[in-house]
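Chain and residue survey
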Amino acid sequence: MKHLERRQQLIATAIELNTSGINQGTSGNVSVRVDEGLLITPSGMTYPSLTPEDIVLMDLEGQASSPRSPRFPSSEWRFHVDIYQQRNDVQAIVHTHSVYATALACLEKSIPAFHYMVAMAGGKDIRCAPYATYGTQTLSDLALVALKDRKACLLAHHGVIATGSDLSRAFALASEVETLSQQYIAALSVGEPTILSDKEMEIVVDKFSNYGLNVSQY
Ligand SMILES: [Zn+2]
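Report follows, based on the coordinates. Per chain, the residues get numbers from 1 upward, laid out in the order the sequence is written. Totals for whole chains, interfaces and linings use all residues, but because this is a predicted model, local features are given only for residues with pLDDT of at least 70 and pairs of side-chain atoms are given and counted only at 80 or more. As a rule here, side-chain values come from all non-hydrogen atoms in the structure, and water together with hydrogens is ignored.

Secondary structure elements follow DSSP: runs of H or I of four or more residues count as helices, runs of E of two or more count as strands, with numbering from the N terminus. Among the structural elements, His95 can be located in strand β5 (residues 92-96). Residue exposure (1.4 Å probe, protein chains only): buried if accessible area is under 20% of the type maximum, exposed if over 50%, otherwise partly exposed. On the basis of relative accessibility, which here comes to 0%, the residue His95 falls in the buried class. Polar side-chain contacts of His95 include one of 3.3 Å to the side chain of His97. Contacts were defined at the residue level, with two residues in contact if any of their heavy atoms lie within 4.5 Å. In this view, His95 contacts Ser27, Gly28, Asn29, Glu76, Phe79, His80, Leu155, His158, Val160 and Ile161; residues no more than four positions away in its chain are not counted. Definition of a polar contact: a pair of N or O atoms within 3.5 Å, with one able to donate and the other able to accept a hydrogen when the atoms are protein atoms, and with sequence-neighbouring residues admitted only if both atoms are side-chain atoms.

So, on to the coordination of the zinc ion. Metal sites are built from N, O and S donor atoms within 2.8 Å, or 3.2 Å for Na, K and Ca, and they leave out water, so they may look incomplete. Around the zinc ion, the protein contributes the donor atoms Glu76 (OE), His95 (NE2), His97 (NE2) and His158 (NE2), which lie 2.1 to 2.2 Å from the metal centre. Only two sets of limits are used to name each site, 85 to 135 degrees for every angle of a tetrahedral four-donor site, and over 155 degrees for opposite donors with all other angles from 65 to 115 for a square planar four-donor or octahedral six-donor site, with any other site named irregular. Coordination at the zinc ion is irregular, judged from the four donor atoms that bind it and the angles of 92 to 141° they form at the metal. One chain supplies every donor for the zinc ion, spaced along it as E-x18-H-x1-H-x60-H. Using a relative accessible area of 24% as the deciding quantity, one classes His97 as partly exposed.

Turning our eyes to something else, we now look at the packing of helix α3 (residues 99-106) against helix α5 (residues 167-188). Where α3 meets α5, the closest approach of the two axes is 7 Å, and the angle between their N-to-C directions is 60°. By the angle between their directions, the pair α3 and α5 is classed as oblique. Handedness of the α3/α5 crossing: left-handed. Residues Val99, Tyr100, Ala101, Ala103 and Leu104 of α3 pack against Val177, Glu178, Ser181, Gln182, Tyr184 and Ile185 of α5. We call Asp, Glu, Lys and Arg charged. Ala, Val, Leu, Ile, Met, Phe, Trp, Tyr, Cys and Pro are nonpolar, and the rest, Gly among them, are polar. Taken together, the residues of the contact of α3 with α5 sort by class into eight nonpolar, two polar and one charged. Axis lines are fitted to C-alpha atoms, over the contacting stretch for helices. Their N-to-C directions set the angle, which ranges from 0 to 180 degrees. For classification purposes, angles smaller than 35 degrees are called roughly parallel, those larger than 145 roughly antiparallel, those between 65 and 115 roughly perpendicular, and all remaining angles oblique. Should the near helix be turned counterclockwise from the far one by less than a right angle, the crossing is left-handed, whereas a clockwise turn marks it as right-handed.

Let us now look at the state of the cysteines. Only a pair of cysteine sulfur atoms within 2.5 Å counts as a disulfide in this structure description. Here the structure, examined in full by the defined rule, presents zero disulfides. The cysteine Cys106 is free of any disulfide, with Cys128 supplying the nearest cysteine sulfur at 8.8 Å. With no disulfide partner, Cys153 has as its closest neighbouring cysteine sulfur the one in Cys128, 8.0 Å distant.

The residue Ser181 is located in helix α5 in this model. Separated by 82 residues in sequence, Ser181 and Val99 place their C-alpha atoms 8.9 Å apart. In this structure Ser181 touches Tyr100, Ala101, Leu104 and Ile111, once residues within four positions along its chain are discounted.

Moving on: the layout of surface pockets. One simple way to see leftover space: roll a probe sized like a water molecule over the atoms. Of the pockets and cavities examined, the largest pocket occupies roughly 160 Å³. In terms of lining, the largest pocket is formed by 16 residues, of which the most central are Thr26, Ser27, Asn29, Ser74 and Ser75. Grouping the amino acids of the lining of the largest pocket by side-chain chemistry returns four nonpolar, 11 polar and one charged. Lining residues are defined by having an atom within 4 Å of a point belonging to a cavity or pocket. Those points lie on a 1 Å grid over the protein atoms alone, cavities being sets where a 1.4 Å probe fits but cannot get out and pockets being open sets with protein on both sides within 12 Å along at least five of seven lines. Grid points are joined across faces, edges and corners, and a volume is the space filled by probe spheres set on the points.

Next up on the list: helix α4 (residues 137-146). Inspection of α4 places Leu139, Ser140, Ala143, Leu144 and Ala146 among the buried residues, and these make up the whole buried set. Buried positions in α4, seen along its axis, are confined to an arc of 160° and lie on one side of it. Contacts made by the buried residues of α4 are with α2 (77-86), β6 (128-129), β7 (152-155) and β8 (159-164). Of all possible arcs, the one meant is that of the directions from the helix axis to the C-beta atoms.

Two strands are counted as paired when DSSP detects at least two bridges linking them. Strand order in the open sheet formed by eight strands is β4-β3-β2-β1-β5-β8-β7-β6, with mixed pairing between adjacent strands. On the outer flanks of this sheet lie β4 (64-65) and β6, each paired with one strand and no other. As defined by bridge partners, strand β3 (residues 56-58) adjoins β4 across two bridges and the pair is classed as antiparallel. Bridge pairing links Leu57 to Ser65 in β4. Where α2 meets the sheet, its contacts fall on β1 (29-34), β2 (37-40), β3, β5, β7 and β8, and the angle it forms with β1 comes to roughly 30°. Lying over the sheet, α4 contacts β6, β7 and β8, oriented at roughly 135° with respect to β7.

Put into structure tokens, the structure is as follows:
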């Protein structure tokens with residue numbers, strides 16, 4: 001079986017999503033880029049029950065194969081494939097229905113620069129893509145627009161996509177988006193937060209890119 005280590009890392013990241021509390025049950029999914037395309041969590045299996053053989057290999061045309069047939073890729077494989085096709089900078093993708101980020105997504109709210117850590121997603125805001133049915137090409141197209149020049153976005157009435165140059169960075173960004181969402185909702189509950197200027201956010205984005213997104217440094 002090819003990519004044993006990558007498959008194990010994928011399972012570890014998926015389990016960490018649940019143990020960290022940012023995802024529940026089987027609603028999220030995780031993928032990582034490999035030479036042939038991507039490895040992605042299968043549909044309808046709980047993460048702790050996954051073995052490396054359950055992980056599905058897909059090419060960038062959307063053809064799937066798995067050492068243990070029949071395993072089907074996550075029903076949301078389409079945006080994973082399209083993101084890897086169109087974004088050379090992305091090596092890993094984490095998708096969750098984390099509670100606070102999804103709450104904002106249900107209000108169709110993007111996250112503005114109310115806090116400088118919003119820049120961790122690559123710009124002055126974290127956009128919310130309009131709603132489309134899960135698993136569809138339309139949802140994938142809308143997500144890619146929301147992800148333009150960004151590493152993360154919300155999906156209206158659905159959840160979050162976080163990307164990264166590896167699995168741990170994609171996971172860290174998914175966690176950060178959830179924390180920011182919780183902070184934004186807390187701030188909104190007592191008033192309207194002022195928004196940092198575009199110029200200030202450019203400075204922070206620049207600092208983050210210079211320091212390799214190591215959040216512990218801030
Ligand atoms: Zn979803």
